[in-house]
Amino acid sequence: MNLLVTGGCGFIGSNYIHYIFNTFSDITVINIDKLTYAGNLLNLQAIEKKYGGTRYFFEHADIANADAVNSIFEKYDIDAVVNFAAESHVDRSINDPSPFITTNVMGTQVLLTAARNAKIERFVHVSTDEVYGDLSLDDPAFTEETPLHPSSPYSASKASADMLAYAFYRTYGYNVSITRCSNNYGPYQFPEKLIPLIFTLASADKPLPVYGTGMNIRDWIHVSDHCKGVHLTLMKGKAGKAYNFGGNAERTNLEVIRTILHDLDKSEDLITFVQDRPGHDRRYAMNYSLAQKELGYEPEYSFERGIKETLNWYKKNTDWLKDVQSGAYLEFMKKWYGNN
Ligand code: NAD
Ligand code: DAU
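Named according to an unreviewed UniProt entry, the chain is dTDP-glucose 4,6-dehydratase originating from Halodesulfovibrio aestuarii. Of the comments in the UniProt record for the chain, the one headed Sequence similarities (unreviewed entry) reads "Belongs to the NAD(P)-dependent epimerase/dehydratase family. dTDP-glucose dehydratase subfamily." Of the chain, the UniProt comment under Catalytic activity (unreviewed entry) reads exactly: "dTDP-alpha-D-glucose = dTDP-4-dehydro-6-deoxy-alpha-D-glucose + H2O".

Take a look at the structure:
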């Protein structure tokens, strides 16, 4: 199979490409990435070295650029698309929604249109639990039937993309499925997100910014479980359907932060309560029984095992973190791909 992956240089996309090469010997990957601040070629250096030009091909392109996307569909004989590319950080969307609309909404539309025109047989669109809005403490977990009720410009843009995917199924009969997953953690996550941010700050004995009361709840899933869920959806998911994925690990932000502090043997005095995120979602929780039943999905990681392995990865890969913090990864990429 020739698989087109978008956003493959980001956190989850790069973990997915590693998963593909670690698991299958008969899949070729074409990775389209715009290389925004969140795209890092270093995440895939080992893959590029081993498989570049044979089973791995990188295309520096914007999914919202129809000409670029069409020419990539012409260049390769693609069987399926998995669309990870997105602007992904809620706080950035609050500061400036516009790139979120361009990439997450228009980019998805361009990609769906190009894939359909090129008669690509299968399309998986990677979405998020945030499209459902939030839950109070005693609400049941989100199911795929929960109405979409997004809170932030980020989640509104992702919900719009989901609607486009549904429309392509309903209007054109296009073979597209959607995945909706809870909060991921694991290797190669950009340190603007809670877990790598707290690891980085606590390691340097810097204050840890906790929004509001720190009592907001997320359901944490190890990225490798999400990657398996995406691949099961690609292989077994039904057209026009969405599948939820979760990690069975609802934790308050303070619980997560204390776990990291404990592991690093750092003082809880670093915890600093700051102004809350506007529109901050209270709680997410996922009912993924449909994925269990139809796809055979089961998360393998407990939060305790996953967070331990993840913190060990960041401790071992201080060079990766330093390159990201200093911007050296951007210099590395400029050498190969210019300033665009
Ligand atoms: P990320 O920000 O780490 O990576 C995004 C990648 O997309 C980067 O490599 C970036 O360069 C690329 N990109 C951005 N705009 C692009 C464009 N216009 N054209 C081509 N490439 C572009 O994001 P992530 O955390 O890896 O998330 C990946 C996907 O999974 C997103 O769609 C996100 O909404 C979804 N998701 C994330 C989580 C999570 O917890 N991080 C949970 C559920 C779903
Ligand atoms: O639920 C899936 C979503 O998870 C994905 O769709 C998003 O792409 C991903 O970024 C993530 O969104 P969150 O907003 O939940 O993740 P973030 O790491 O930004 O924040 C997690 C929680 O921690 C949230 O309640 C806000 C809080 N937080 C975050 C930061 C960055 C803080 O208290 N302080 C911080 O500095």
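**Here's the deal with the overall build of the chain**
Summing up its helical and strand segments, the chain has 13 helices and twelve strands in all. Relative to the 2.2 N^0.38 estimate, which gives 20 Å for 340 residues, the radius of gyration of the chain is 19 Å and therefore close to what a compact globule would have. Counting every position in the chain, which comprises 340 residues, the buried fraction comes to 55%. Put simply, of all contacts in the chain between residues at least 6 apart along the chain, 83% involve residues at least 24 apart.

**Let's talk about helix α9 (residues 253-264)**
Counted at 1.5 Å a residue, the expected span for α9 with its twelve residues is 16 Å, and the 17 Å between its end C-alpha atoms agrees. For α9, the full list of buried residues reads Asn-253, Leu-254, Val-256, Ile-257, Ile-260, Leu-261 and Leu-264. Take α9 and look down its axis: the buried residues cluster within an arc of 160°, on one side only. The secondary structure elements touched by the buried residues of α9 are α7 (194-203), β8 (208-211), β9 (217-222), β11 (250-252), β12 (271-274) and α11 (303-316).

**With respect to unusual backbone geometry**
Phi is positive for Tyr-188, which is not a glycine, with a value near 70°. Tracing the backbone shows Tyr-188 in the loop between β7 (183-185) and α7. Residue classification places Tyr-188 among the buried residues on the basis of a relative accessible area of 17%. The phi dihedral of Asp-265 falls on the positive side, at around 60°, and the residue is not glycine. Assignment of secondary structure puts Asp-265 in the loop between α9 and β12. Accessibility expressed as a relative area gives 70% for Asp-265, which makes it exposed.

Definitions and cut-offs
Residues numbered from 1 in each chain as written. Chains lettered and ligands numbered in written order. Predicted model: local features only at pLDDT ≥ 70, side-chain atom pairs only at ≥ 80, totals over all residues. Heavy atoms only, no water. UniProt positions renumbered as here; feature names shortened; annotations may be inferred. Helix = DSSP H or I, 4+ residues; strand = E, 2+ residues; numbered from the N terminus. Rg over C-alpha atoms; globule rule 2.2 N^0.38 Å. Buried < 20%, exposed > 50% of the residue type's maximum accessible area, 1.4 Å probe, protein only. Contact = heavy atoms within 4.5 Å. Expected span 1.5 Å × (residues − 1). Arc of directions from axis to C-beta.

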